[in-house]
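Structural features, examined
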Amino acid sequence: MDIGRMAQLAFIPARMRSDGNDQVTKRLPQNVCKSVDEASSFIKTLANPNRLAIVCSLMEAPRTVTELEQGLGIPQPTLSQQLTLLRDAGIIVGRRSARVVTYRIGDARVLPVVQSLRLVFSGLSDLHAEKDAMDDAAISPDMFD
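What counts, and where the lines are drawn
Residues numbered from 1 in each chain as written. Predicted model: local features only at pLDDT ≥ 70, side-chain atom pairs only at ≥ 80, totals over all residues. Heavy atoms only, no water. Pairing = 2+ DSSP bridges. Helix = DSSP H or I, 4+ residues; strand = E, 2+ residues; numbered from the N terminus. Salt bridge = Lys/Arg side-chain N within 4 Å of Asp/Glu carboxyl O. Buried < 20%, exposed > 50% of the residue type's maximum accessible area, 1.4 Å probe, protein only. Arc of directions from axis to C-beta. Contact = heavy atoms within 4.5 Å.

Quick notes on the sheet that holds strand 5 (residues 100-105)
A sheet is described by the order of its strands in space; here three strands give the open sequence 3-5-4, paired in antiparallel fashion. Bordering the open sheet on either side are strand 3 (63-64) and strand 4 (92-97), each of which pairs with just one other strand. Judged from the two bridges that link them, strand 3 and strand 5 form a sheet pairing that is antiparallel. Bridge pairing in strand 5 links R63 to Y103.

And the structure:
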């Protein structure tokens, strides 16, 4: 049997779920590291633009929901949904003080992942530094000689 055919067979559905949900699970090749599912799930959680923006913001400092909403411009219902997903995944944690919840990074593994992304995608740099740079670049009367 040729190698291409063997690779195809490695990804044939292993079984159908018995709960009536017709989702197909796939067998992983035997030579794949044991953490590949966990790493894939972690990356999928960060792959949403809103969730990645939230994580980038929380890497700078803990923030309340109001601060995140105003700073990122994400509508409150969407923000709540994304915060719940990040919290359920353990990537962020929230701390309630009276009626205010302050979020911070809860999983240190996110730091090197986002730092690596920032090296590759320069637009993911510090959000507030970009805002300060834009404020510094305000139009000055001296610009028009």
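Here the narrative resumes, following the displayed structure.
What about the pattern of salt bridges?
Enumeration according to the criterion identifies three salt bridges in this entry. The salt bridge involving R109 is made with E38; its shortest N-O contact spans 2.8 Å. Here R109, found in the loop between strand 5 and helix 6 (110-120), pairs with E38, found in helix 2 (residues 36-46); they are 71 residues apart in sequence, far enough to count as distant. Salt bridges sharing common partners tie together E38, D107 and R109.

Structural notes on helix 2
What helix 2 keeps buried is the set F42, T45 and L46. For helix 2, the angular spread of the buried residues around the axis is 100°, confining them to a single face. Residues D37, I43 and K44 are exposed on helix 2 and point more than 90 degrees away from its buried face. Taken together, the buried residues of helix 2 touch helix 3 (49-60), helix 5 (76-88) and helix 6.

Don't take any of this as a statement about function, it's just geometry.
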